[in-house]
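# Per-entry structural report
For reference, the chains in residue letters:
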Amino acid sequence: MKRVRVRFAPSPTGPLHIGGVRTALYNYLFAKQNGGDFILRIEDTDQTRFVPGAEEYIIEAFQWLGIKFDEGVHIGGNYGPYKQSERKPMYKQYAMQLIENGWAYFAFDTPEALDAKRKEAEAQKKTFQYDAHTRDGLCNSLALSAEEVTRRIQSGDPYVVRFKYPADLDIHVHDLIRGEVVINSNLLDDKVLYKSDGMPTYHLANIVDDHLMEVSHVIRGEEWLPSAPLHVMLYQAFGWEAPQFAHLPLLLKPDGNGKLSKRDGDRLGFPVFPLQWKDPKSGEISSGYRESGYLPEAVINMLALLGWNPGTDQEMMDLDTLVSLFSIEKISKSGAKFDLEKAKWFNHQYIQKTEDDKLYPLFEKELQKHGVQPDKDYALRVMRMIKERVHFIPEFWEQSSYFFVAPTEYDPQVIKKRWEKDTNEHLKKMMDIILSVQPYNKETAHDLVMDYVQSHGLNMGKIMNSFRLALVGTAKGPDLFEIITTIGVEETKARVDRAVKEIIVN
Ligand code: GLU
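The structure reproduced in this document is the subject of the present report. (Residues numbered from 1 in each chain as written. Predicted model: local features only at pLDDT ≥ 70, side-chain atom pairs only at ≥ 80, totals over all residues. Heavy atoms only, no water.)

### Structural notes on the overall build of the protein chain
Counting secondary structure elements, the protein chain contains 20 helices and 14 strands. The C-alpha atoms of the protein chain give a radius of gyration of 32 Å, which is well past the 23 Å a tight globule of 506 residues would have. In the protein chain, which comprises 506 residues, the share counted as buried stands at 50%. Restricting the contact set of the protein chain to residue pairs at least 6 apart, pairs at least 24 apart contribute 72%. Here the protein chain displays about 24,000 Å² of accessible surface, and carbon together with sulfur accounts for 49% of that area. When the 63 positive and 73 negative side-chain charges of the protein chain are each reduced to one mean point, those points stand 3 Å apart. (Helix = DSSP H or I, 4+ residues; strand = E, 2+ residues; numbered from the N terminus. Rg over C-alpha atoms; globule rule 2.2 N^0.38 Å. Buried < 20%, exposed > 50% of the residue type's maximum accessible area, 1.4 Å probe, protein only. Contact = heavy atoms within 4.5 Å. Areas by Shrake-Rupley, 256 points an atom, 1.4 Å probe, with all protein chains shown as cover. Lys, Arg positive; Asp, Glu negative; His and termini not counted. Charge placed at Lys NZ, Arg CZ, Asp CG, Glu CD.)

Right, dumping it as structure tokens:
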């Protein structure tokens, strides 16, 4: 069997959509499962859509995600260059080859002339198509005399090269996900392959590169399915063996209504880009999974299951497991709805699963962002205690700040609900009891405080939440005696003293 070689071929027109990340991931899984190669090729033939920083962004995103390429624009390889603008000189000969063997032609029509044709057709409620039925009446090397064509080319007239579809031909695309897709060539426009600026279009460059890079499987988004008949024809025209095609289902909005678009993310409360992106022109910022506090492992696991499943109920799968279980046959034909709750669930699971050593730097960074330079042993202890409450990395601070900084404000809702007139006195007494346990011991302190609460007939929920309020500032956090033990009895006393001084209810 031919060696498996697949590529991810983004155009650097902006940040990478997570749909693109999923495409890359499926390519990666397929390549690794088959002991093959995974290539990163930058398709930048459309200079008008080039966005500075996009290529660097793409590379950084995959580094963060831990998806490694075997060859590519950033690491080289035996089939380079891996950026189409750097391959520019090699495309023209292929366009000319197609003209020579009758599969393409020069077209000199000006944009204005084509526009006029379009308008003319519209007036008759038709759509203009450059094809077998119209090309004879247009300005191209099939309609003009050979001398005229030579004259125009020699005098430097701008031209494009168009593909020449045979009329009324059923083109068969064998898709590994969709089965056989058939399109009649009468429905297709003679696509431009080579532009007047000396650059190939996506179609020509893509096919030439896939051939030269010995790509065995083209796994890409469904939006490219309409281009597949042209690609199949191009392989035929060149006399090259075509790769196998697999067009992936769309990623849909959470309600299933339409494709997940760039704008949806920040509107619906989740990122659609792996990393935060600042638009170089408008300065507009779009959120990223990394900055929103997702772990890359969670993003990968969640994305893998958007459009594919292993055929069992298994949900938690790391990259290696995904590699072993992946199969193109199990990719669904229908679009996959983005599910924010599931994304959140995965992230929570991975935060619990990640080893402390790996998680700690993320925790430390959150603390540092808030001006805390923690002692590692102490902070690790806190992290272990609170991580089960955390779904996203920035919540580390919300859930742990009071272990590092005493509260200066007290949640008024909790005061209203829990704090009574005699709470101040009871808290002082309870604090004395805790101080009396020498040396301090969590279990004894707990039992004695409980005895006090019961013997005074206090409402357990109210009094313990008031105590918590003094230490935490709100009604959240792990076991109260765990908190006391962690921050220490002295700090506990300082916090209780402060709270009973500041909180006065009538
Ligand atoms: N450059 C195309 C893109 O931006 C690649 C499509 C393909 O994989 O053929 O998605």
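From this point, the narrative continues.
### Quick notes on the layout of surface pockets
Computed from the structure, the largest pocket encloses a volume of approximately 1,100 Å³. Forming the walls of the largest pocket are 42 residues, and the residues nearest its centre are Pro10, Ser11, Thr13, Glu223 and Trp224. Among the secondary structure elements, those contributing two or more residues to the lining of the largest pocket are β1 (5–8), α1 (18–33), α6 (202–212) and β9 (217–221). Among the elements that line the lining of the largest pocket, the one with the most residues is α1, at four residues. (1 Å grid on protein atoms, 1.4 Å probe; cavity = no way out; pocket = protein on both sides within 12 Å on 5 of 7 lines; lining within 4 Å. Points joined across faces, edges and corners; volume = space filled by probe spheres on them.)

### A closer look at unusual backbone geometry
Cis geometry marks the peptide bond from Gly80 to Pro81; its omega dihedral reads -5°. Looking at where Pro81 falls in the secondary structure, it is placed in the loop between β3 (71–72) and α3 (92–100). In this chain, Gln438 is followed by Pro439 through a cis amide linkage whose omega measures -10°. Mapping Pro439 onto the fold places it in the loop between α16 (423–436) and α17 (442–455). Within the chain, Lys125 stands out as a residue other than glycine whose phi angle is a positive 55°. In this fold, Lys125 is placed in the loop between α4 (111–123) and α5 (146–154).

### Considering the side chain of Thr486
Checked against the element boundaries, Thr486 lands in helix α19 (residues 480–487). Judged by its relative accessible area of 7%, Thr486 falls in the buried class. Of the polar contacts made by the side chain of Thr486, one reaches the backbone oxygen of Glu482; its length is 2.6 Å. Contact partners of Thr486, with chain neighbours within four places excluded, come to Tyr378, Arg381, Val382, Met385 and Phe403. (Polar contact = N/O pair within 3.5 Å; in protein donor to acceptor, adjacent residues only side chain to side chain.)

### A look at the site of the ligand
Around the ligand, the surrounding shell consists of Arg7, Ala9, Ser11, Glu43, Tyr202, Asn206, Arg220 and Trp224. The contact in question runs from a nitrogen atom of the ligand to an N or O atom on the backbone of Ala9, over 2.8 Å. Here an oxygen atom of the ligand and a side-chain polar atom of Arg220 are 2.9 Å apart. Look at the ligand: alone it shows 300 Å² of surface, and the protein chains cover 84% of it. When each cavity is represented as a set of grid points, the ligand is found to reside in the largest pocket. For the shell around the ligand, the residue count by class is three nonpolar, two polar and three charged. (Near = heavy atom within 4 Å. Sits in = over half its atoms within 2 Å of the grid points. Nonpolar A, V, L, I, M, F, W, Y, C, P; charged D, E, K, R; others polar.)

### Brief notes about the environment of Gly72
Counting through the fold element by element, Gly72 comes out in strand β3. In this view, Gly72 contacts Leu40 and Tyr82; residues no more than four positions away in its chain are not counted.

### Notes on the environment of Lys191
Checked against the element boundaries, Lys191 lands in the loop between β7 (179–184) and β8 (192–194). Apart from residues no more than four positions distant in its own chain, Lys191 is found in contact with Val161, Arg162, Phe163, His203 and Leu230.

### Regarding the packing of aromatic side chains
Enumeration over the complete set of coordinates arrives at 27 aromatic pairs. When the centroid spacing of 6.4 Å and the interplanar angle of 70° are considered together, the rings of Phe128 and Tyr130 count as edge-to-face. Residues Phe128 and Tyr130 agree in their burial class; the two are buried. Aromatic side chains Tyr202 and Trp224 sit 4.5 Å apart centroid to centroid with 45° between the ring planes, which places their arrangement in the tilted category. Taken together, the residues Tyr202 in helix α6 and Trp224 in the loop between β9 and α7 (228–238) connect sequence positions 22 residues apart. Judged by relative accessible area, which is 17%, Tyr202 ranks as buried. Aromatic ring contacts, followed pair by pair, group Phe8, Tyr28, Phe38, Phe62 and Phe69 into a single cluster. The side chain of Arg5 reaches across the aromatic face of Tyr79, ending 3.8 Å from its centre. The side chain of Arg162 reaches across the aromatic face of Tyr130, ending 3.9 Å from its centre. (Phe/Tyr/Trp six-rings, centres within 6.5 Å; stacked < 30°, edge-to-face > 60°. Lys NZ or Arg CZ within 6 Å of the ring centre and 35° of its normal.)

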